[in-house]
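Each chain is listed here by its residues.
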Amino acid sequence: MTVISTPAGAPKAPPATRKNRSSGAQRRAVALFIAPFALLFLAFYAIPIVYAVVQSLLTVEREGTFGKPRQVFGGLVQYEQVFQNTAFWESVGRVLLFGVVQVPIMLGLALLFALLLDSPLLKGKKFFRLAFFAPYAVPGVIAAIMWGFLYSPSLSPFGAVTSNVDFLGGNLVLWAIANIVTWVYVGYNMLIIYASLLAIPTEIYEAARLDGASNLQIAWRIKIPLVVPAIILTAVFSIIGTLQLLAEPQTLRSFSSAINSTFTPNLAVYTTASVPNYNLAAAFSVVLALATFILSFIFLKSTQRKVSQ
């Protein structure tokens, strides 16, 4: 047996020590990269949530009619007012109806546009990709103002239509808002689905064509099933966005008397905070956040269960 000895004056660190140093350097590198996100997450997400929960548990008391107000712990007093507020829950029901109709239509259009962009038959893909996505570059407030002018009978260039169809009336204003939201966000969701389509190996399509599958069969039986996770992701984003609807109805209030101060839950929160009643607005916000989390969680779990089956 030959024994190789370490030369004198050149001691080597034990393997365990080198491994510990390497893992420590990796942890520091990971912490360095995560730190900016963690700081922003704490500053603009976690801390505001904690602050809102704390504010929702407080109430304002005065000594006499004109006494100096002071905040004291009120327990669940603000939440009692939330659950007794009929206008708030009517607004929740209104946006749920909005979401049930608008979200499937928007995601259906996004899927259709993504499949068109991925189709070998479509010419000018760069133009259409930009055209589909361009509305998302328009801020929501600007889009609402633009569509408000288009809906208004006295301002619209399509007066022959808007004078006969009251898009800003009580019966159609919710769907007028749905049209604005769809126009703005369909391109954003299309890009997510399109990116998922681009990740599918082309060998699958080639094998399907060798088996005699048409482009329509490839889209229906291969592409759509493989992009279901992307569709679920966009649906979760859309559910969250639906319950946070604010900019469009608030802007269209200048054009329509059918939109009141509690038309959507976020508009009710904004109005309550403007009174000002920050404690009740915080309670509204906490309840709305919990409702958004529960709906998103239920949808995600139910869709995942169906996909796994």
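The rules behind the values
- Residues numbered from 1 in each chain as written.
- Predicted model: local features only at pLDDT ≥ 70, side-chain atom pairs only at ≥ 80, totals over all residues.
- Heavy atoms only, no water.
- Helix = DSSP H or I, 4+ residues; strand = E, 2+ residues; numbered from the N terminus.
- Buried < 20%, exposed > 50% of the residue type's maximum accessible area, 1.4 Å probe, protein only.
- Lys, Arg positive; Asp, Glu negative; His and termini not counted.
- Charge placed at Lys NZ, Arg CZ, Asp CG, Glu CD.
- Core = buried A, V, L, I, M, F, W, Y, C linked by side-chain atoms within 4.5 Å.
- Contact = heavy atoms within 4.5 Å.
- Patch = residues over 30% accessible without salt bridge, like charges linked within 9 Å, V, L, I, M, F, W, Y side chains within 5 Å.
- Areas by Shrake-Rupley, 256 points an atom, 1.4 Å probe, with all protein chains shown as cover.
- Salt bridge = Lys/Arg side-chain N within 4 Å of Asp/Glu carboxyl O.
- Axes fitted to C-alpha atoms, helices over the stretch in contact; angles between N-to-C directions.
- Parallel < 35°, antiparallel > 145°, perpendicular 65-115°, else oblique.
- Left-handed = near helix turned anticlockwise from the far one by under 90°.
- Nonpolar A, V, L, I, M, F, W, Y, C, P; charged D, E, K, R; others polar.
- Phe/Tyr/Trp six-rings, centres within 6.5 Å; stacked < 30°, edge-to-face > 60°.

1. What to know about the overall build of the chain
The helix and strand inventory of the chain stands at 13 helices and two strands. Here the C-alpha coordinates of the chain stretch approximately 95 × 70 × 35 Å along the principal axes. Residues classed as buried in the chain amount to 34% of the 309 residues present. Of the charged side chains in the chain, 21 are positive and 10 negative, and the gap between their average positions amounts to 16 Å.

2. Let's talk about the nonpolar core
Leu111, Ala114, Leu115, Met190, Ile193, Leu197 and Val227 are the most contacted members of the largest nonpolar core, which totals 24 residues. For this core, the secondary-structure elements that each account for two or more residues are α3 (86-118), α7 (173-198), α8 (202-210) and α9 (215-226). If you tally residues by element for this core, the top one is α3, at nine residues. Not counting residues within four places of it along the chain, the set of residues in contact with Leu111 comprises Ile193, Ile224, Val227 and Ile231. Core analysis: the next-biggest nonpolar cluster, separate from the first, contains 18 residues, Leu168, Ile180, Ile259 and Phe263 among them.

3. With respect to a nonpolar patch on the surface
Taken together, Leu97, Val100, Val101, Ile105, Leu109, Leu112, Leu116, Phe158, Val161, Val165, Leu172 and Trp175 make up a surface patch of nonpolar side chains, about 970 Å² in accessible area. With seven residues, α3 is the largest single contributor of residues to the nonpolar patch. Turning to its location among the elements, Ile105 is positioned in helix α3.

4. Points about unusual backbone geometry
At the junction of Val275 and Pro276, the peptide bond is cis and its omega measures out at 5° in the coordinates. With respect to the secondary-structure elements, Pro276 resides in the loop between α12 (265-274) and α13 (278-308).

5. Looking at the packing of helix α5 (residues 140-151) against α7
Viewed as axis vectors pointing N to C, α5 and α7 meet at an angle of 135°, and their least axial separation amounts to 10 Å. As summarised for this structure, α5 and α7 are arranged oblique, according to the angle between their axes. As α5 packs across α7, the resulting crossing turns out to be right-handed. Residue-level contacts link Ala143, Ala144, Met146, Trp147 and Tyr151 of α5 to Ala176, Asn179, Ile180, Trp183 and Val184 of α7. The residue inventory of the contact of α5 with α7, partitioned by class, reads nine nonpolar, one polar and no charged.

6. Examining the packing of aromatic side chains
What the rule picks out here adds up to 16 aromatic pairs. Judged by centre distance (6.0 Å) and plane angle (75°), the rings of Trp147 and Trp183 are edge-to-face. Of the two residues, Trp147 is situated in helix α5 and Trp183 in helix α7; the sequence distance between them amounts to 36 residues. You can call Trp147 buried: its relative accessible area is 16%. By relative accessible area, which is 28% here, Trp183 ends up partly exposed. Taken together, the ring pairs in this structure connect Phe83, Phe88, Trp89 and Phe284 into an aromatic cluster.

Shape descriptors only; they carry no functional weight alone.
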